[in-house]
Amino acid sequence: MTIELYQMLTEELGKRYIENTQLPASITSNLNPAFPVRPYQEKAFKFFVNYWQEAFDGKPRQNHQLLLHMATGSGKTLMMAGLISYLYEKGYRNFLFFVNNSNIIEKTKDNFLNTQSKKYLFDDTISFGDKRVDIREVQNFQSVNTDDINIVFSTIQGLHLSLNVPRENSITYDDFEDQKIVLISDEAHHINADTKKGKETDQDVLFEVMSWEGTVERIFRANPQNVLLEFTATVDFSDENLSAKYKPKLLFHYPLKNFRKDGYSKEVKVLQADLPPFDRAIQAVLLSQYRRKIFEKNKQHIKPVILFKSKTINLSKAFFEEFKDGIKKLKPATLAAIKKRSSEPTILKIFDYLDANNISLINLIAELQEDFSDEKLISVNSKEESEAKQIAVNSLESNEYRAVFAVDKLNEGWDVLNLFDIVRLYDTRDSKDGKVGKTTMSEAQLIGRGARYCPFQLSSEQPLYERKFDSDLENELRICEELFYHSAYNPKYIQELNTALQEIGMKAKETRERKVRLKKSFLNTSLYKAGHIFLNERIKYNREDIKGLDSSIIKQTHKISLRTGYTKSTVAFEIQGGDKGADKTSRDYHIADFGETIVRKAIQRLEFYEFSNLKQYLPNLKSIREFITSEHYLGQVKVEVSGLAEQVENLSPDEKLDSTIQILTSIADVIASDKVEYKGSKKFTPQMMRSVFTDKTLNFMLDDGGDKEFGRSMNDAAETAYHLDLTTRAWFAFDDCFGTSEEKLLIQYIDKRYKELKRKYSEAYLIRNEKHFKIYAIDDGRAMEPDFILYLIGKEKVDTMHYQVFIEPKGAHLLKADEWKERFLTSIKANYDLEQLFSNKTYVVWGMPFYNSIERVPEFEEAFEELI
């Protein structure tokens, strides 16, 4: 097969065979007819069939490893079932299914083995010609029935342990040596730790590695006829090692972007409310019940479900009790207050519906108390709970549960279609330096899972599994195609969430592939052939010099906004206009003003502040009391509290506690993120220029609203507003530039100043860093990739000066967020250390201030004049 497998299938085989391929009966006849194969699944099956025929067309047998990169909710498990059936026909009898999560194991067993399950994926009778076949779960492949489909189900952790610490009746490496096996890896992104470290390049090393990935590699290679099928929705192809591993093995690519565009997902909306968690929960309950009534009105027996997501298990348990008690004590006045204070059309539509159908608030409350009674609520927090209740939460379409309370046990492998509301019960952010935080990204991924379309149709003409009202937004059933994400009123968080949703594909991105090549004239220079580039390293950091919180925490005024009852909702991805919100005032406090008792109580509610954990970050801390009172820790931390005037002047104990918890949560994020494990070395060591800079093929992911120049050729006047024919500029090392507008403006700036450089230096080259190298900030070891190196060689015959200057153009919107990079760059000149390689050459390493054509020209020119 060709290196770019997916490209070959879509372009070469696609033209010749794919469209005319008929799916074999082994697939079409053995799958449950209740789950019709969707067009993209059919295409994926056709890709596999053509691959298999091409791979074994007169060729010797060899290991085959394939990746199906498919969106969450796109039916990967159905694909597995179809491929099991197809490969059985091709002579395979033994299948090993493994995944990192035991909950997914139980769900998959239900899909493959439980004929009574509504999600059973095979037909009632599995047959090949006149031969009927059974599916059996086995513990190992010794003495199995060779007429059956034999499946071992295991977590990757359990598989690794069983193989490397053998036990009686467990699977062993011997199972894989004497017979051919199909390995099916679900959520395969979890077994790439070694690849991310760069070990994929050496298969022999990887074979011997005692890790999950090493174990999989060993059993896969135990028999030359073994097949490894990997399924995941989240391969990071921007990682060079992962890309090198998976691109040649990518059989099918169907990201969430395509899934949503094709109408197989709910539309995501965000409802922000400046309300306490319980009040936001009641809004979700009202919306859920309204949706149920719309379904019933249209003769659809669908029960909407709500997920209440907490930050910690203890908080989830506490809210579970608060919710049960609150539903039992619910009063008409509470609902009337929601109606009175809300200006959100969706909320008001609920009450309009109640009025139009003569449903009183008293009757509605009775209905809610029945539908959300204790026995219809399920808490899935601890490992023990989730394992015991996994079947229940994976069959929410058919049981009586209306609400699920969880932290993160349902984040991966949760297969539910009738989830319509997710209530975020906390109000924290973990994004930093313009990067989406892990928590926000996991929330976006949870939304992606929850956004699977809940199938219904009013007539046979309507598609069952696709959205129907994209062009009829006023239809009352439109709300039955929407997933609402209920959040505290926090515009910054919503902005970060939208970014995360775009990153996972909930908003389409354009991909553009470009090639950049080093010019022959540069390749022939002595600089490229024998010259050096000096780079520093990342080194382990000893934290014993830390005597308190970082000064940025102590000097910063932490801002807290009290809840005012103001409510507003937004549509995901919608550009927001100005919004003044409630009329607020503010007052400054020290956290110490709230009292040691309040602060200690807040600390006790946050697991991060357990003393043993704090000591990992603050090794010289002696006690919690010191942490609360010392001026080196919380004693001098300032807070600005905003809210209604009567609130901020007379804070209640609960408001003090809530404010302290918010501050401590924010500080915890800073402490954790600023746990410096590394420093950047001051010593810059030489690397051969020819080993660092090479030709590259670039993949540009273009977001809507991004820099319009990104991914556009600077040589092509039809593409760019900053045209310059770089093929005629010998001083520019590469043949083109596809960078941002500021990067192209920098090149134009150097073009204007080149004659001055040539008067001073014998040679001058501007070299674009297309992820060829990284350097590391001396203070904290953070990596950066300067966009350019300006390399200057002096005219001196003795002690010739060689200047290596790092340059980073920066858009105005990133000047603040990336200022740490500028501090590092401008500090290099005074801090670098390097060994001079030659007696007649002197090497100097510099870094320049950011280049920005509007805001930073004077600073940049001042530094540039030093070079002239």
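See the structure above.
Everything numeric in this text was worked out from a predicted model, so none of it was measured.

Caption draft 1: Geometry of helix H3 (residues 39–55). Over its 17 residues, H3 runs 24 Å from end to end, which matches the ideal 24 Å to within 8%, given 1.5 Å per residue. The buried fraction of H3 amounts to twelve of the 17 residues, a majority that puts the element mostly inside the structure.

Caption draft 2: Structural context of the layout of surface pockets. The computed volume of the second largest pocket comes to approximately 1200 Å³. Forming the boundary of the second largest pocket are 47 residues, of which Phe35, Lys119, Glu397, Asp415 and Leu417 lie nearest the centre. Looking at the lining of the second largest pocket, its residues break down into 17 nonpolar, 16 polar and 14 charged.

Caption draft 3: Just the nonpolar core, in detail. Grouped together as the largest cluster of nonpolar side chains are 66 residues, with contacts concentrated most on Ile747, Ile775 and Phe806. In contact with Ile747, other than residues within four places in its own chain, are Met714, Leu724, Leu726, Trp731, Phe732, Cys737, Leu766 and Phe788.

Caption draft 4: The state of the cysteines, seen in detail. The full count for this structure, using the stated rule, is zero disulfides. Cysteine Cys454 remains unbridged, with the sulfur of Cys480 as its closest cysteine sulfur at 8.6 Å.

Caption draft 5: Fine view of the sheet that holds strand E31 (residues 841–847). The sheet built from four strands is open, its strands ordered E26-E29-E30-E31 with mixed pairing. Of all the strands in the sheet, just strand E26 (761–768) and E31 have a single pairing partner and so form its edges. Neighbour-to-neighbour, the strand axes of the sheet open up by a mean angle of 15°, direction not taken into account. Examined bridge by bridge, strand E30 (residues 800–807) and E31 share seven bridges and lie parallel to one another.

Caption draft 6: Summary view of the sheet that holds strand E1 (residues 64–70). Sheet architecture is open: seven strands sit in the order E5-E6-E2-E7-E8-E1-E9, paired in parallel fashion. On the outer flanks of this sheet lie strand E5 (135–137) and strand E9 (250–254), each paired with one strand and no other. Going from strand to strand, the sheet's axes swing by 20° on average, the running direction of each strand aside. Both strand E2 (residues 94–99) and strand E6 (residues 149–155) contribute to a ladder of six bridges, which runs parallel. Looking at E6, one finds that Val99 is bridged to Thr155. Along the sheet face, helix H4 (residues 76–89) touches E1, E2, E6, strand E7 (182–186) and strand E8 (227–232) and points at about 165° away from the line of E8. Sitting on the sheet, helix H5 (residues 102–113) touches E2, E5, E6 and E7, and the angle it makes with E6 is about 165°.

The rules we used
- Residues numbered from 1 in each chain as written.
- Predicted model: local features only at pLDDT ≥ 70, side-chain atom pairs only at ≥ 80, totals over all residues.
- Heavy atoms only, no water.
- Helix = DSSP H or I, 4+ residues; strand = E, 2+ residues; numbered from the N terminus.
- Expected span 1.5 Å × (residues − 1).
- Buried < 20%, exposed > 50% of the residue type's maximum accessible area, 1.4 Å probe, protein only.
- 1 Å grid on protein atoms, 1.4 Å probe; cavity = no way out; pocket = protein on both sides within 12 Å on 5 of 7 lines; lining within 4 Å.
- Points joined across faces, edges and corners; volume = space filled by probe spheres on them.
- Nonpolar A, V, L, I, M, F, W, Y, C, P; charged D, E, K, R; others polar.
- Core = buried A, V, L, I, M, F, W, Y, C linked by side-chain atoms within 4.5 Å.
- Contact = heavy atoms within 4.5 Å.
- Disulfide = S-S within 2.5 Å.
- Pairing = 2+ DSSP bridges.
- Axes fitted to C-alpha atoms, helices over the stretch in contact; angles between N-to-C directions.

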